[in-house]
Amino acid sequence: MSGLHNGRDVFEYALLRVVPRVERGEMINAGVVVYCRARRFVEARTHLDEARLLALDPTTDVEGVRAALGAVEGVCQGGERAGQAAGDDAGRRFRWLMAPRSTIVQPGPVHTGLTADPAAEAERLLELLVR
């Protein structure tokens, strides 16, 4: 499929949101997950702004949030860090991560675009939407 869009491939992405108190519905963006089927690519980039998070809820378990974000990164990397998803391909790992959850770290809606470099796209989106 590569080359149909001037060397760019379709990719999907979603924000990772931290919702410290689900009942209040307040959240901060803490990462992005990018998936590109044509390149068998899935990657999470995260950045946690602790001050913003603690402003929403001073009792938030910051280390727990960091661990949850790290777990998302691990699933994307595959292999040993992916746990039960270790044998899954990039697409299955992305879909598993995008499944709705009621935990403190939740995926946002999935969006699409075109890119020639999914890794650079992940960094661009992290800068644009999270930092």
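Here is what the cut-offs are and how they apply
- Residues numbered from 1 in each chain as written.
- Predicted model: local features only at pLDDT ≥ 70, side-chain atom pairs only at ≥ 80, totals over all residues.
- Heavy atoms only, no water.
- Axes fitted to C-alpha atoms, helices over the stretch in contact; angles between N-to-C directions.
- Helix = DSSP H or I, 4+ residues; strand = E, 2+ residues; numbered from the N terminus.
- Parallel < 35°, antiparallel > 145°, perpendicular 65-115°, else oblique.
- Contact = heavy atoms within 4.5 Å.
- Salt bridge = Lys/Arg side-chain N within 4 Å of Asp/Glu carboxyl O.
- Buried < 20%, exposed > 50% of the residue type's maximum accessible area, 1.4 Å probe, protein only.
- Arc of directions from axis to C-beta.
- Polar contact = N/O pair within 3.5 Å; in protein donor to acceptor, adjacent residues only side chain to side chain.
- Expected span 1.5 Å × (residues − 1).
- Phe/Tyr/Trp six-rings, centres within 6.5 Å; stacked < 30°, edge-to-face > 60°.

Draft legend 1. Broad picture of the packing of helix H2 (residues 62-77) against helix H3 (residues 90-98). Interaxial distance between H2 and H3 falls to 9 Å at its minimum, and their mutual angle equals 155°. Classified by the angle between their axes, H2 and H3 sit roughly antiparallel to one another. Judged by residue contacts, Val-72, Val-75, Cys-76 and Gln-77 of H2 engage Arg-93, Trp-96 and Leu-97 from H3.

Draft legend 2. Focus on the pattern of salt bridges. Enumeration over the complete set of coordinates arrives at 11 salt bridges. Note that Arg-39 is salt-bridged to Asp-9, the shortest N-O span being 2.5 Å. One end of the pair, Arg-39, is in the loop between strand E2 (28-36) and strand E3 (41-46); the other, Asp-9, is in strand E1 (residues 9-18), with 30 residues separating them in the sequence. Residue Arg-39 is classed as partly exposed on the basis of its relative accessible area, which comes to 35%. A relative accessible area of 2% places Asp-9 in the buried class. Salt-bridge contacts for Glu-121 lead to Arg-124; the nearest nitrogen and oxygen are separated by 2.7 Å.

Draft legend 3. Inspection of H3 at higher detail. Residues of H3 that are buried include every one of Ala-90, Gly-91, Arg-93, Phe-94, Leu-97 and Met-98, and no others. For H3, the buried positions fall inside an angular range of 165° around the axis, keeping them on one side. In this structure, the buried side of H3 is in contact with E1, E2, E3, H2 and strand E4 (105-107). By the N-cap criterion, in which a side-chain oxygen at the helix start approaches the backbone nitrogen of a residue two or three places on, H3 is capped by Asp-89, the distance to Gly-91 being 3.1 Å.

Draft legend 4. Summary view of helix H4 (residues 118-129). Counted at 1.5 Å a residue, the expected span for H4 with its 12 residues is 16 Å, and the 16 Å between its end C-alpha atoms agrees. For H4, the full list of buried residues reads Pro-118, Glu-121, Ala-122, Leu-125 and Leu-126. Each buried residue of H4 sits inside an arc of 135° when the element is viewed along its axis, so together they form one side. Elements in contact with the buried residues of H4: E1, E2, E3 and strand E5 (111-115).

Draft legend 5. Spatial organisation of the packing of aromatic side chains. All chains considered together, the criterion is met by 2 aromatic pairs. When the centroid spacing of 5.9 Å and the interplanar angle of 25° are considered together, the rings of Phe-11 and Tyr-13 count as stacked. Given the relative accessible area of 4%, Phe-11 is considered buried. Ring plane angle 20° and centroid distance 5.2 Å describe the contact between Tyr-35 and Phe-94, whose orientation is recorded as stacked. Remark: Phe-94 occurs in helix H3 and Tyr-35 occurs in strand E2; sequence separation between them is 59 residues. For the residue pair Tyr-35 and Phe-94, the accessibility class agrees, reading buried in each case.

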